Amino acid sequence: MTESYVIKMPQLSDTMTEGVLVSWEKEIGEFIERGTVVATVETDKAIMDVEVFREGYLSGPQLPVDGVVAVGEPIAYLVAEAEQVVSTEADSSPKPAPEVDEPPKFEPAGASKPKTRIPAMPEGATPAPHPSHTRATPYARQLAGAHGIDLAGVKGSGSADVIVAADVVSGEGAKGMTRRIFKLPGAGRPMDSMEKAIAHNMEYSLSMPLFRATVHVDPSRLVAAAKKQGSSVTVALAKATALAIEEHPKINSVYQHEDRILEREQIDVGLAVATEGMGLVVPVLRDTSHRDIADLSAAWIDLVERARIKRLKPEEYSNPTFVISNMGMLGVAYFDAIPSPGTSAILAIATTGPQGMPVTITADHRIVNGADAARFLNTFKERVEHPETWISGSGGDGTVPTPKKSPKAPLPLEGDWDYDVVVIGAGPGGEDCARELVEHGLKVALINDSPLPGGECLWRGCIPSKTWRAAADRIRDRVHDARLGVEGTAPTALSWKTLEATRRQLLQSRGEMALKADKGMKIKFIQGHACFVDEHHIDVDTAGNSEDPFSRTQPGLGSPNQRISFAGAVIATGAPPFIPPIPGVQEGLKGGGVLTSDTVWGLEKIPERLAVIGGGAIGVEMAQIFQDFGTEVLLLEAQDRLLAEVESEVGKLLAEVLNANPRLTVQTSAKVQAISGQMGAMEVNFDDGEGASHRLEVDHVIMATGKRPHLEPLALEQAGVATENGAIRVDAQCMTSKPHIFAVGDVVGGLMLAHTAAQQGRVAAATILGEAHAYELEKDCGVIFTRPQAAFVGLSLVQAKERGIDAAEVKMPIRIDAKAMINNETEGLIKIVADKASHRIIGAHFLVDHADTLIGEAVMMVAGNITLEQAARAIHPHPTQTEMFGEMARRLLSRLRRTQRR
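Residues numbered from 1 in each chain as written. Predicted model: local features only at pLDDT ≥ 70, side-chain atom pairs only at ≥ 80, totals over all residues. Heavy atoms only, no water.

1. Here's the deal with the pattern of salt bridges
In the structure shown here, the tally under the stated rule is 39 salt bridges. Across the pair aspartate 268 and arginine 286 runs a salt bridge whose closest N-O atoms are separated by 3.4 Å. Of this pair, aspartate 268 sits in the loop between strand 11 (260–262) and strand 12 (269–271) while arginine 286 sits in the loop between strand 15 (284–285) and helix 7 (293–307), and the two are 18 residues apart along the sequence. For aspartate 268, a relative accessible area of 8% translates into the label buried. Residue arginine 286 is classed as partly exposed on the basis of its relative accessible area of 24%. Of the charged contacts, one joins arginine 306 and glutamate 316 as a salt bridge, the two residues approaching to 2.7 Å between their closest N and O atoms. Taken together, the positions of arginine 306 in helix 7 and glutamate 316 in helix 8 (residues 314–317) put the pair 10 residues apart, joining distant regions of the chain. Salt bridges sharing partners connect three or more residues here, namely Arg469, Asp473, Arg476, Asp477, Asp628, Arg787, Glu825 and Asp849. (Salt bridge = Lys/Arg side-chain N within 4 Å of Asp/Glu carboxyl O. Helix = DSSP H or I, 4+ residues; strand = E, 2+ residues; numbered from the N terminus. Buried < 20%, exposed > 50% of the residue type's maximum accessible area, 1.4 Å probe, protein only.)

Structure, rendered in structure tokens:
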């Protein structure tokens, strides 16, 4: 080592021209070993360590903390002996540096002359040739080459008249760059490093020939999928972008000077992050298209944390191949962005509005043309709106998508098949699917275990229970007649025989109508039980067939007598009641004292005393119906609330309403220990929430403990169809692990509702036909037919926040509504939930009489992405309960405006 060694301001990024001294990690006079970090400096984008690979004593003159010097300028020195240490700080005047053992590698800034703004340059510019009259630095030649400046006419200001970068952008060089400087009055403050870098980059970016294109995207499924994966929506958008770029690689290319195009295979997505007091930082997710969401999410969390304290390394923020700016998170309704040097396009994502989420691409027209941009945007839209095709686990409850699978799965129809599609199960899901398919010319067989279609909904669920409910409603309504002056209608008496005759006639009539319609549409209706032989064949067992549509025959009573081949299949066999392993329950089922939602229809009279076990939709409906019929009812629920599927406040209020009935008692947090006895004299032993034991004698026990698919008779393993948690595994298109076999309705879990099954049946049919369609759990709905009725559509406030949506809710008690007051139906409330940013209505929740009618408007609001403004301005008739939607929308808008002003 010679007399001394200069520690210089290092160039820690391609765009760095100067640095700020943040801290000294070693004291003047300390002995420094090789590889020691002596200081930290702030670049234009990060705070970096300064390492020294020499030995010696740290000496001044030393740059003070917060001092600024150009790249290559001294910040301190190393000396060989302790006696040589100088302790003074460097001042602003230039000082001769101690003699060094190597020439400076960086172009000096020139402290004695005014600083000149030097634009950052992209890679790839061909340097201008050396001038004949003097020398030029490499950076000056690169800058001159990029802008076509002849250095022969430029005078150098560096040592020995060397031309430096500042000379290229001033004097004669400035004429070639056509730079304009606007002088304004006042003394401005100097830009910091980051502000300078952004300004220089934007100067270059605006020299590109840019154009813009916009599409509107529905991000709701992606938000839900990202939340389910534990990922941020930002990362999911980056992954969707990279997958779209894979299909349109021109977006990943970049223009180089002298008419060259750099084509890049690796997709590195930069994501703009706003930081407090530090401007905009763009961390880069490298190789985004080939990494899974979990890996990208972990990397992103680390990058953002370090970006906000300026601790990123240059390779973590430099040279993205594509950039996303998501100002939608800040509530911006629309904007476009400017591509940065080294990229050909940038995506600007705004907040979701009535038409969806505006996504704007700004692209360099030298590389990307309008058709390229349109195709890329459409692919990006498809990826965002159908994340189940590439994010594992993005489906709703009961759905587990297969990654990277096309949502369209045309069937191998060219084979010699008996039927194009076999649909197993003729409930709402199977029947709607079959009808859609035959309407498009496919040959379809519909296999059902009963002589008439209709399934669980018609024969054992929706329709029969609502017939009983209608009778109970008439009894309830008569109680209020006298209030309006209508006399002689109470007390009432129920003829069980007449009611049951009406119910059976109604079901028989509807079943016959459905069969006639199916046959008229040329659907081949086959009665029997189907099981898979392999992935393109089923056997049908008809040995257990019965002509009684009210009896449910069981499979396996005889040998299969019909084999059918098919190109595609749809499984829609529903789910029977689930019976928990309570001691004595199986004996009770055999003796008739214990009933299920399948067997309750065999009651020959109204029971005097009844226990209902299970506080879901079936349990609460049955409990209140029989209470209205005059039965003493005890409703036992193991959880601490009723109706887990509805909004929490709605469930709590309904429990209070039910408990107020004179003959109905609700016991939550109850554990049934045993059931015993004979029909007409059953005994139920249970513990309450406090642990106290109880014993109750009743005529019958109804087990309303939910439903579970019964998959064994289908022999799914023969076809290679995968299951998960006792249900068939499907994606949002209802496609199973075999792309030509689909499953819909209760067999896939989730919401076990007739309209859900019907929608999934239509989704499966559309997918088979090659059309884009998907089941959207977050827009599904349901009604529980109690009095008042509980109902829901879309998301609750809690569910919205779980999906990362900043939402707000408004609620109104039904007692203030004029129509409700007239009818004396004043128990309950209505809520609506809206996205704060877009004002889109994303949910509605009810506990009111006539919710089954009112929910229709809410369904259209949620499904149609209606905003609070649109609902508030709609004209609702008076006096009706629909007026409440407009009033609630106006109230929530007013609250959001007040919050925004504050």
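2. A short note on the sheet that holds strand 26 (residues 609–613)
The strand order across the open sheet built from five strands is 25-32-26-27-28, with neighbouring strands paired in parallel fashion. For this open sheet the edge positions go to strand 25 (594–595) and strand 28 (664–667), each flanked by a neighbour on one side alone. When strand 25 meets strand 32 (residues 700–703), the two strands line up parallel, connected through two bridges. Following the sheet pairing, leucine 595 is matched in strand 32 by isoleucine 702. Running at roughly 165° to strand 27 (residues 632–636), helix 15 (residues 617–629) makes contact with strand 26, strand 27, strand 28 and strand 32 of the sheet. (Pairing = 2+ DSSP bridges. Contact = heavy atoms within 4.5 Å. Axes fitted to C-alpha atoms, helices over the stretch in contact; angles between N-to-C directions.)

3. Topic: the sheet that holds strand 36 (residues 781–784)
Taken in spatial order, the five strands of this open sheet run 36-37-40-39-38, and their pairing is antiparallel. The strands lining the two open edges of the sheet, one partner per strand, are strand 36 and strand 38 (807–813). Shown here is a sheet whose adjacent strand axes are inclined to one another by a mean of 10°, direction ignored. Two elements, strand 38 and strand 39 (residues 829–835), share seven bridges in a ladder whose sense is antiparallel. Each bridged residue has a counterpart across the sheet, and for proline 813 the counterpart in strand 39 is leucine 829. Contacts from helix 16 (residues 648–659) reach strand 37 (789–794), strand 38, strand 39 and strand 40 (841–848), with the element oriented near 0° to strand 40. Packed on one face of the sheet, helix 23 (residues 883–901) meets strand 38, strand 39 and strand 40 and runs near 135° to strand 38.

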